[in-house]
Amino acid sequence: MKHFTITVLKGDGIGPEIVDQATKVLDRAADKFGFTVTYQRALLGGEAIDATGNPLPQETIDACKASDAVLLGAVGGPKWDTLPGDQRPEKGLLGIRSALGLFANLRPAVIFEALRDASPIKQEIIGDSMDLMVVRELTGGIYFGDRGRETNHGVESAYDTERYSLPEIERIARVAFDLAEKRGKKLCSVDKANVLESSRLWRETVARIAKEYPQVEVSNMYVDNCAMQLVRNPGQFDVLLTSNIFGDILSDEASMISGSIGMLASASLGENQFGLYEPIHGSAPDIAGTGKANPLATILSVSMMLKYTLNLPEAAKAIEDAVSKALSQARTPDIRTEGLREVTCEQMGDLVCELL
Ligand code: IPM
Ligand code: MG
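These numbers were taken from a predicted model, which means no experiment stands behind them.

Cut-offs and rules
- Residues numbered from 1 in each chain as written.
- Chains lettered and ligands numbered in written order.
- Predicted model: local features only at pLDDT ≥ 70, side-chain atom pairs only at ≥ 80, totals over all residues.
- Heavy atoms only, no water.
- 1 Å grid on protein atoms, 1.4 Å probe; cavity = no way out; pocket = protein on both sides within 12 Å on 5 of 7 lines; lining within 4 Å.
- Points joined across faces, edges and corners; volume = space filled by probe spheres on them.
- Helix = DSSP H or I, 4+ residues; strand = E, 2+ residues; numbered from the N terminus.
- Nonpolar A, V, L, I, M, F, W, Y, C, P; charged D, E, K, R; others polar.
- Domains from an automatic or database assignment.
- Near = heavy atom within 4 Å.
- Polar contact = N/O pair within 3.5 Å; in protein donor to acceptor, adjacent residues only side chain to side chain.
- Areas by Shrake-Rupley, 256 points an atom, 1.4 Å probe, with all protein chains shown as cover.
- Phe/Tyr/Trp six-rings, centres within 6.5 Å; stacked < 30°, edge-to-face > 60°.
- Buried < 20%, exposed > 50% of the residue type's maximum accessible area, 1.4 Å probe, protein only.
- Expected span 1.5 Å × (residues − 1).
- Contact = heavy atoms within 4.5 Å.
- Buried area = accessible area lost by both parts, 1.4 Å probe.
- Salt bridge = Lys/Arg side-chain N within 4 Å of Asp/Glu carboxyl O.
- Pairing = 2+ DSSP bridges.
- Axes fitted to C-alpha atoms, helices over the stretch in contact; angles between N-to-C directions.

**Looking at the layout of surface pockets**
The computed volume of the largest pocket comes to approximately 920 Å³. For the largest pocket, the lining is made up of 34 residues, of which L106, M133, L179, K307 and Y308 are closest to its centre. For the lining of the largest pocket, the secondary structure elements donating two or more residues are β4 (104-110), β5 (131-137), α6 (166-182), β11 (265-269), α10 (296-308) and α11 (313-327). In terms of residue count, α6 provides more of the lining of the largest pocket than any other element does, six residues in total. Here the residues of the lining of the largest pocket sort into 18 nonpolar, six polar and ten charged. Here the lining of the largest pocket gathers at least three residues from each of two domains, domain 1 (1-102 + 264-356) and domain 2 (120-257). Of the voids in this model, the second largest pocket is the one considered here, and its volume is about 360 Å³.

**A closer look at the environment of R208**
Relative to the helices and strands, R208 is located in helix α7 (residues 197-210). Sequence spacing of R208 and I121 is 87 residues, and the spatial spacing of their C-alpha atoms is 36 Å.

**Notes on the site of ligand 1**
Taken together, E90, L93, R97, R107, R136, Y143 and D248 make up the full set of residues adjacent to ligand 1. The contact in question runs from an oxygen atom of ligand 1 to an N or O atom on the side chain of R97, over 2.7 Å. Between R107 and ligand 1, the recorded distance is 2.8 Å, taken from a side-chain N or O atom to an oxygen atom. Look at ligand 1: alone it shows 320 Å² of surface, and the protein chains cover 77% of it.

**Quick notes on the packing of aromatic side chains**
The full count for this structure, using the stated rule, is three aromatic pairs. Pairing Y164 with W202 gives two aromatic rings, centres 5.3 Å apart and planes at 65°, and the pair type is edge-to-face. One end of the pair, Y164, is in the loop between β7 (155-160) and α6; the other, W202, is in helix α7, and 38 residues separate them in sequence. Per residue, the accessibility class of Y164 equals that of W202, and both read buried.

**Remarks on helix α1 (residues 15-33)**
Here α1 spans 26 Å end to end across 19 residues, near enough to the 27 Å set by a 1.5 Å rise per residue. Burial in α1 covers these residues: G15, E17, I18, V19, Q21, A22, T23, V25, L26, A29 and A30. Once α1 ends, the next one or two residues include G34, with phi positive near 70°.

**So, empty space enclosed by the protein**
Empty space among the atoms becomes visible once a probe the size of a water molecule is rolled across them. Per the stated rule, a full pass over the model turns up one cavity of 30 Å³ or more. What the largest cavity holds in volume is close to 60 Å³. E162, Y164, V190, D191, L196, S198, S199, W202, S243 and F246 are the residues that line the largest cavity. For the lining of the largest cavity, the elements supplying multiple residues, two or more each, are β8 (186-191) and α7.

**As for the domain arrangement of the protein chain**
The domains assigned to the protein chain are domain 1 (1-102 + 264-356) and domain 2 (120-257). One C-alpha centre belongs to domain 1, the other to domain 2; they are set 25 Å apart. At the junction of the two partners, domain 1 supplies nine residues and domain 2 supplies eleven residues. The contact between domain 1 and domain 2 buries some 820 Å² in all, and 70% of this surface belongs to carbon and sulfur atoms. Considering only the surface of domain 1 that becomes buried against domain 2, L94, R97 and I280 emerge as the three largest contributors, covering 47% of it. One can count zero residue pairs in polar contact (both at pLDDT 80 or more) joining domain 1 with domain 2. No other element matches helix α4 (residues 89-99), which puts three residues into the side of domain 1 that touches domain 2. Tallied by class, residues from the side of domain 1 that touches domain 2 come to five nonpolar, two polar and two charged.

**Points about the pattern of salt bridges**
The tally for this structure, following the rule as stated, stands at 21 salt bridges. In this structure, D81 and R88 form a salt bridge, with 3.1 Å as the shortest nitrogen-oxygen distance. The exposure class assigned to D81 is partly exposed, which follows from its relative accessible area of 41%. The structure contains a network of salt bridges with shared partners spanning D81, R88 and E90.

**Observations concerning the sheet that holds strand β9 (residues 217-222)**
Spatial strand order, β2-β1-β3-β12-β11-β4-β5-β10-β8-β9: ten strands in an open sheet with mixed pairing. Either end of the sheet is taken by a strand with one partner, and the two such strands are β2 (35-41) and β9. Strand-to-strand twist across the sheet, computed as the mean angle between neighbouring axes with direction ignored, equals 25°. With seven bridges connecting them, β4 and β5 associate as antiparallel partners. Pairing of A109 across the sheet is with L132, part of β5. Strands β5, β8, β9 and β10 (239-242) of the sheet are contacted by α7, whose axis makes an angle of about 165° with β8. The sheet strands contacting helix α8 (residues 223-232) are β5, β8, β9 and β10, and the helix crosses β9 at an angle near 105°.

**Re the environment of T5**
Relative to the assigned elements, T5 resides in strand β1 (residues 2-11). Given the relative accessible area of 21%, T5 is considered partly exposed. Here T5 is in contact with T38, Q40, S67, D68 and A69, once residues within four sequence places are set aside.

Below is the structure:
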């Protein structure tokens, strides 16, 4: 029987409650598909600051490296908002992505048929379907570039630097092209090459890598135009390849088209199959502990883990199907709709287990 060790980073806010539902679903999938899972807990973000004074303790990095995959809830909250930038919970999240070499962030945005009513975008604009994959570079760019503050002649200023090396662009481009080849064979690279030098290098490099993938149709789009096209005609996109910061912004936008940011999962991958899986939403401290959190993005992150790291595509598909069915029976408050039972985070987790 296959056995996996998963490091669980529950994090802050709603993190613990959504992760508990996701591991429950993974346990149910393990029973059903004949594999076993051991979980090891480690600390990240605010909970790690409170316990150790450090948002990313070395033990957490070691635990992640010693496991098959990592499941993460969310980090951050008002309690830690006044800490200096390099001591904030978010620093732990950026640090773990970097320490594990997870340069490729896959963020699928799909329309669940049962959720169409929850999308703020008109049905005729969404069209028959929306199934796009944001491939976001995750360990470079302005998130990790030179930054600082200085005072010159009594005037204070602050700066952050967007820098990409050629190998960084090449490797993320290859991930996106490989995916496009297996999907709709369309790739749109998003940049700001009319203004930024780093985007010009990005665009040239993507054009060169594209020659290795003659079957994939490539286009380039400026990020401002892309933000507009996403709400004008989301169906035109298959794979969106972009930088760390543009991917952060565009993936939130794409998620909302699908109804709720509480629905979207993500995978962060490195050179091998190892990965860290997390919902794209934050820690929502305002609803933590109220039972109102939507666990589906984290449950779908487990499905991505089964697909991309654990090589169990059938179990992954079964979870997706169970989530679709659950959506036609019950809703958490963020996607509440007339006529369907409103459930808590835990009840939603139970329902997905039951339908699996
Ligand atoms: C995300 C989040 C993080 C990011 C924050 C919490 C640092 O917004 O995963 O999209 O910007 O990458
Ligand atoms: Mg974000």
